Amino acid sequence: MPGLEKLLTEQRNPASAEIDTLPTEEMLRIVNAEDHQVADSVAREIPAIARAVDAIVEAFQRGGRLFYVGAGTSGRLGVLDASECPPTFSVPPEMVQGIIAGGPAALSRATEATEDDPAIGARDLLERGFTARDVLVGIAASGRTPYVLGAIAEARRLGAVTVGISCTPDSELARAVAIAITPLVGAEAIAGSTRMKAGTAQKLVLNMLTTGAFIRLGYVYGNLMVNVERSEEHTSELQSLRH
């Protein structure tokens, strides 16, 4: 396993080497310029993302579910995407589930001890009732988080489809899964702060996975969300627009 200094996500970025000395606008322009690289890095992974979408659709069609597993920022992004599926597409909350190292408390607090234990990743996955019919998407910017790798190993043991999202070339996660999605966003504006470009890339990929799957399953007509849950306030707004 490579040291942190060798990981692409941990390297120092020459473009932001003096960011702490710059006026606010110039500082933010550097961050924004780095962010411009994210969409292109995701675009290069569309063939792999498409394979993952098709695998998720097949799983749903045979009664399976989609699970995300991650730690820290990656775990929070998985939980976020899963939580947005029921109100967006009116699907049961069990259909897409997010598992984060440390459980719900980790949504607001770091839990490094948990994310460093692969056995806990496997245990948490099994406690959700994960089976061979399901799909597991492991999310780890570095591609080496033990908690995620433990869950992936358990999913493979069960014979399930595994997908990995990482931002490091030839990562351990990418080598461990059936479908590797690897948007290479480069070094962060703040060294090692993978909640920035890497987190944005992961969020874009997660958007594609669930949105693409539910489009294929007929939950979108044209470009309209035909099954979206509407609140009373939203319904009243729509009615007022008609009159």
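Computed from a predicted model, the values in this text were never measured in an experiment.

Draft legend 1. Just helix α8 (residues 197–216), in detail. Under the 1.5 Å per step criterion, the end-to-end length of α8 is 28 Å for 20 residues, consistent within 8% with the ideal 28 Å. Two residues or fewer after α8 comes G218, characterised by a positive phi angle close to 90 degrees.

Draft legend 2. Looking closely at the environment of E94. Here E94 shows up in the loop between α3 (72–89) and β2 (96–100). Sequence separation of E94 and L66 is 28 residues, and the distance between their C-alpha atoms is 8.7 Å.

Draft legend 3. Layout of the sheet that holds strand β5 (residues 179–181). Pairing within the open sheet is parallel, and its 5 strands lie in the order β2-β1-β3-β4-β5. With partners counted over all chains shown, the strands left at the sheet margins are β2 and β5, one partner each. Within this sheet the neighbouring strands show an average axis-to-axis angle of 20 degrees, counted without direction. Sheet analysis places strand β1 (residues 66–70) next to β2, joined by 5 bridges and oriented parallel. Bridge pairing links L66 to V96 in β2. The sheet contacts of helix α6 (residues 146–158) involve β1, β2, β3 (135–139) and β4 (161–165), and relative to β3 the element is tilted by about 160 degrees.

Draft legend 4. Region of interest: the pattern of salt bridges. Across all of its chains, the model carries 9 salt bridges by this definition. The shortest N-O distance in the salt bridge between E25 and R29 comes to 3.4 Å. With E25 and R29 both in helix α1 (residues 24–43) and 4 residues apart, the pair spans about one turn of that helix. For the pair shown, E25 and R29 are each scored as exposed. For R216, the salt bridge identified is with D54, shortest N-O distance 2.8 Å. In this pair, R216 sits in helix α8 while D54 sits in helix α2 (residues 46–61), placing the two residues 162 residues apart along the sequence.

What counts, and at which threshold
Residues numbered from 1 in each chain as written. Predicted model: local features only at pLDDT ≥ 70, side-chain atom pairs only at ≥ 80, totals over all residues. Heavy atoms only, no water. Helix = DSSP H or I, 4+ residues; strand = E, 2+ residues; numbered from the N terminus. Expected span 1.5 Å × (residues − 1). Pairing = 2+ DSSP bridges. Axes fitted to C-alpha atoms, helices over the stretch in contact; angles between N-to-C directions. Contact = heavy atoms within 4.5 Å. Salt bridge = Lys/Arg side-chain N within 4 Å of Asp/Glu carboxyl O. Buried < 20%, exposed > 50% of the residue type's maximum accessible area, 1.4 Å probe, protein only.

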